[in-house]
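One letter stands for each residue in the lines below.
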Amino acid sequence: MNSSSRPRLLDLYCKAGGASMGYHRAGFDVTGVDIEPQPRYPFTFVQGDALEFLTAHGHEFDAIAASPPCHDHTPLSSRAGVNGSGWLLGATLDLLAAQPVPWVVENVMGADMRADAVLCGSMFGLRTYRHRKFAIDTRIPWLPAVPWHPAHTARTSTKKRRRDFDAGMNISITGDVGSWLGPACMGIDWMTGSELAQAIPPAYTHHLGLHLLDHLDNTIGLEAA
């Protein structure tokens, strides 16, 4: 672990920083990498190719997180078509397996990867369901306890969202979602609507980040013993 007060975490395919914020709140010093500019990203940002940066610099961090593009793995791809980014998930998992530090990968439910944890907005009191699964490095010897998953009793709105939000419905954070939905539905108050549609709630990675931090602390303790 580095000598600063916080362990360093690399967040690949970071977009505007939903996952990064959760890891930051858990106690990490986060650096994000994305191929596209991210003017509202709240931490240290590097614009560049995620796989190239991982190959060159992954070993410099204490932990790595990644959210490879999900477009080709979602049910919507059957209607909208694929964009050719699906291969990045497998390539990222392969490169992470060779890294000396622990990692966590997030993606949509249709992605071809393990689901060591599945998280939903309802677990954290958010007004969106937004299920995501996480593959967790097998070198971490235990999996995090998953919060209670309430029954999905609220209907979800995809169109007339302002009216339906006021009526108590949950909201689908997709397409032309407005930024005003960020705080209640995602726990995010710094993104545009289009950025929200590509984000995950920081609550998910805060939960997993605390577990990852415990693992790092335990590892350092064993090395020092």
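Above this text is the structure in question.
Residues numbered from 1 in each chain as written. Predicted model: local features only at pLDDT ≥ 70, side-chain atom pairs only at ≥ 80, totals over all residues. Heavy atoms only, no water.

## Overview of helix α2 (residues 50-57)
For an α-helix, 3.6 residues make a turn, and residues three or four places apart therefore share a direction.
Here comes step 1: Among all positions in α2, only Ala-50, Leu-51, Phe-53 and Leu-54 are buried. Looking straight down α2, one finds that the buried residues subtend no more than 165° of arc, so they occupy a single side. Opposite the buried face of α2, at more than 90 degrees from it, the exposed residues are Glu-52 and Thr-55.
Here comes step 2: Looking at the buried side of α2, the elements it contacts are β1 (8-12), β2 (29-34), β3 (44-47), β4 (63-66) and α4 (87-97).
Here comes step 3: Two to three positions downstream of the cap, the backbone nitrogen of Leu-51 sits 3.0 Å from a side-chain oxygen, assigning the N-cap of α2 to Asp-49. (Buried < 20%, exposed > 50% of the residue type's maximum accessible area, 1.4 Å probe, protein only. Helix = DSSP H or I, 4+ residues; strand = E, 2+ residues; numbered from the N terminus. Arc of directions from axis to C-beta. Contact = heavy atoms within 4.5 Å. Polar contact = N/O pair within 3.5 Å; in protein donor to acceptor, adjacent residues only side chain to side chain.)

## Description of unusual backbone geometry
Here comes step 1: Unusually for a residue other than glycine, Tyr-13 sits at a positive phi of about 55°.
Here comes step 2: Looking at the secondary structure, you find Tyr-13 in the loop between β1 and α1 (18-26).
Here comes step 3: One non-glycine residue with positive phi stands out, namely Arg-130, at about 45°.
Here comes step 4: Residue placement: Arg-130 occurs in the loop between β6 (117-119) and β7 (132-136).
Here comes step 5: Judged by relative accessible area, which is 11%, Arg-130 ranks as buried.

## Observations concerning the pattern of salt bridges
Where charged atoms from two side chains of opposite charge approach closely, those side chains can pair.
Here comes step 1: What the rule picks out here adds up to eight salt bridges.
Here comes step 2: In this structure, the salt-bridge partner of Glu-195 is Arg-40, at a minimum N-O distance of 2.9 Å. In this pair, Glu-195 is assigned in helix α7 (residues 193-196) and Arg-40 in the loop between β2 and β3, connecting sequence segments 155 residues apart.
Here comes step 3: The partner of Arg-132 in a salt bridge is Glu-106, and the shortest N-O contact between them spans 3.4 Å. Of this pair, Arg-132 sits in strand β7 while Glu-106 sits in strand β5 (residues 103-107), placing them 26 residues apart in sequence. When sorted by exposure, Arg-132 lands in the same class as Glu-106, which is buried. (Salt bridge = Lys/Arg side-chain N within 4 Å of Asp/Glu carboxyl O.)

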